[in-house]
Amino acid sequence: MKWNKRILTVLGTIMLLIIGCQNKEKVEAVSVSQMSIDRVDSMPFMPRPYKILDFKKLALSYDHVVYDSTQTGEHWPLIWKDGSRKNFDQETFGIYTALGDTRQGPDNHQGMFHESLNTISSVLGASLVGIDKSDQHGEDYVAMLKNYFNSDTGWNIVMNNTGPDVALLGGGYGRDWWYDIYPNLLFYGVANFYPQHDDFELIQRSIADRFQKADSILAGNYGHTFFDYGSLQPKDNWICYQEDAAAGHAYVLYAAYRKFGDLKYLDAAKSSLEALLSQKENRFYEILMPFGAYVAARMNAEEGTSYDYHNILDWTFDGTSVCREGWGVLEDNWNGYDVSGLVGSTIDHGGFAFLMNTYDTMWPLVPMVRYDPRYATTIGKWMLNAANASKFFYPYEMDDAHQTLPNKKEYTKGVIAYEGLIKNAHLEGYSDLEAPIAIGDGPHWTPDNPDVSQFSVYGSGHVGIAGAIIEKTDVPGILKLDCLATDFYRKESYPTFLLYNPHETSKTVRYVCQSNEKVDLYDAIAHQVISEGVDSNSSIDISAKKARLIVEIPAGSSIKEKEGKFYVGDVVVAFR
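Before going into details, it helps to say that this report is about the structure given with it. Because the structure is a prediction, the values reported are computed rather than measured. (Residues numbered from 1 in each chain as written. Predicted model: local features only at pLDDT ≥ 70, side-chain atom pairs only at ≥ 80, totals over all residues. Heavy atoms only, no water.)

1. Thoughts on the overall build of the protein chain
Okay, step 1: Broken down by element type, the protein chain carries 17 helices and 24 strands.
Okay, step 2: Taking 25 Å as the expected radius of gyration for a compact globule of 576 residues, we find that the protein chain reaches 25 Å, a close match to that expectation.
Okay, step 3: Projected onto the principal axes, the alpha-carbon positions of the protein chain cover approximately 100 × 55 × 50 Å.
Okay, step 4: Contacts in the protein chain between residues far apart in sequence, at least 24 positions, make up 68% of those at least 6 positions apart.
Okay, step 5: Accessible area of the protein chain: about 22100 Å², with a carbon and sulfur share of 48%. (Helix = DSSP H or I, 4+ residues; strand = E, 2+ residues; numbered from the N terminus. Rg over C-alpha atoms; globule rule 2.2 N^0.38 Å. Contact = heavy atoms within 4.5 Å. Areas by Shrake-Rupley, 256 points an atom, 1.4 Å probe, with all protein chains shown as cover.)

This is how it looks when you write it as structure tokens:
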């Protein structure tokens, strides 16, 4: 009898080992394999010198100072009222594009010349970090954005100015497609936070209808400089063709579909995206291209499409645009400063990165990972580099020897950054400075602009995007990235965060929960619950140079797979 028990014990142990191996093999079988982006592969794992700003604190400070009309000092305050009542019979507001910009202000052109790339983005950024811009100091800054809806011209979309005549006050420029499309993405972003505002749904419908009609007329051919949304005709001028406009159309149209449920918007979003995917050359122009990757990933996950969009990511990063030569993401070290991850020209002045473009590329690419976890590791690595290098634009974070106006940094009040960062400044009259050099374009816009117009109010106003996404952890180099912060018009979702470990060894990170109730921490890459019954914080292990995509699901939840998606109840927690 004793021998039989021993045999049973041995057999039981063997069975447990077999079952354990089978379970292990099952976990490994469903773990999401990772895709890389070549240019990100060449970026450093730990960029130097290392320091991650508190972007949320910076965004809150920017709003506090820039929206304060009682600020004093040369070139301040930066905000004023515009009583021209264009498009809507209401007062609106303007903010200087750059410090000391002589084209603007309450006393220039009746205060009419101001840019939505500045005002709408700053309202969006503030809303992202928790500020209610519809009721701030007795003002409804959200409602005032309606004046950018160009109804007087018949275009019936949101534009960078309150009218083309207003644009001419700033010196004028040829119609430039991204300037006409991107304000609508920004407006849709703001409307996500204030869905009940008067006229917002009408404006959103109008924008989507115009974009849908434009796409149907273009019929897959986006080879134009811009589109006249009034006459509904494609147009060309001296600016190169901007085929990545299709990505902007796709983003707005899919957002409209998610909001209104109208299938014509979904069909048009697919048509726009397919026009982008069918292109044979990289036509990345300014900012729209990465939004195409986000839409493709999201439609694959939600609509069951199977778009292969990896080339859109390559085109975003690799700097091979045939429209705007060299436009992409920097991968370089300038005299000991890692500038990898910044967005702009990879060749102009030896490299010319821009703060606005860097912040705004975070908007689509971080939430993209939620819909396609294959890119978790590479986007995590890029974000670490981009977040680290973003500090070099800020005069109080950059060595005096690497900025053009170190003796005037006090004018920025600690919240306004330089517009750009370049490698070679001898053509700008700063031959004594070594790279990287913080600088700005303001003095080129008009001969009257002072040197302090190199400080970019409009670029700095996009900081709320980074502020909503990026959080530091207790381990240097490991960031906690909020994948829902800029994932607008989404279905019900549980808090989802991307954490990437750039180190050579495994690291244990203190993970602080966003949820107020007890949760289980589910890794959407490994498809495993890695910590159970967490009430406030937990420690999680991250393997060397790997990522975790953590979803905070209700404690004790059962996860079920259905048609390639993983659910807790009716809520999707992971996509295959």
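2. Topic: the packing of helix 10 (residues 263–277) against helix 11 (residues 289–303)
Packed helices, taken two at a time, are described by their axes: the angle between them and the distance between them.
Okay, step 1: At a minimum axis distance of 10 Å, the contact between helix 10 and helix 11 shows a crossing angle of 125°. With respect to helix 11, the element helix 10 is oriented oblique. Considering only the axes of helix 10 and helix 11, their crossing is left-handed. On helix 11, the residues that touch Leu-266, Ala-269, Lys-270, Leu-273 and Leu-276 of helix 10 are Met-289, Gly-292, Val-295, Ala-296, Met-299 and Glu-303. (Axes fitted to C-alpha atoms, helices over the stretch in contact; angles between N-to-C directions. Parallel < 35°, antiparallel > 145°, perpendicular 65-115°, else oblique. Left-handed = near helix turned anticlockwise from the far one by under 90°.)

3. Brief notes about the environment of Ala-208
Okay, step 1: You can see Ala-208 is positioned in helix 8 (residues 200–218).
Okay, step 2: By relative accessible area, which is 0% here, Ala-208 ends up buried.
Okay, step 3: It is 40 Å that separates the C-alpha atoms of Ala-208 and Asp-332, two residues lying 124 residues apart in sequence.
Okay, step 4: Those residues within four positions of Ala-208 in sequence are excluded, and the remaining contacts are Tyr-188, Leu-253, Ala-256 and Tyr-265. (Buried < 20%, exposed > 50% of the residue type's maximum accessible area, 1.4 Å probe, protein only.)

4. Quick look at the nonpolar core
In summary, soluble globular proteins display a tendency toward joint burial of nonpolar side chains.
Okay, step 1: In this structure, Trp-382 and Ile-470 are the most contacted members of the largest nonpolar core, which totals 184 residues.
Okay, step 2: No other element matches helix 9 (residues 245–260), which puts 12 residues into this core.
Okay, step 3: Ranked by size, the runner-up nonpolar core spans 13 residues in total, among them Val-475, Leu-521, Val-534 and Ile-550. (Core = buried A, V, L, I, M, F, W, Y, C linked by side-chain atoms within 4.5 Å.)

5. A closer look at the sheet that holds strand 21 (residues 547–554)
Okay, step 1: Reading across the sheet, the 6 strands line up as 14-15-16-21-18-19 and stay open at both edges, with antiparallel pairing between neighbours. Every other strand in the sheet has two partners, leaving strand 14 (470–472) and strand 19 (528–534) as the edge strands with one partner each. Taken over all neighbouring pairs, the strand axes of this sheet differ in orientation by 25° on average, direction set aside. (Pairing = 2+ DSSP bridges.)

6. What about the pairing of strand 24 (residues 571–575)?
Okay, step 1: Of all 5 residues that make up strand 24, 5 are buried, and the element is covered over most of its length.
Okay, step 2: By the bridge criterion, 4 bridges tie strand 23 (residues 565–568) to strand 24 in an arrangement that is antiparallel. Within the sheet, the bridge partner assigned to Lys-565 lies in strand 24 and is Phe-575.
Okay, step 3: Connecting the antiparallel pair strand 23 and strand 24 is a turn made up of 2 residues, with Gly-569 showing a positive phi of about 65°.

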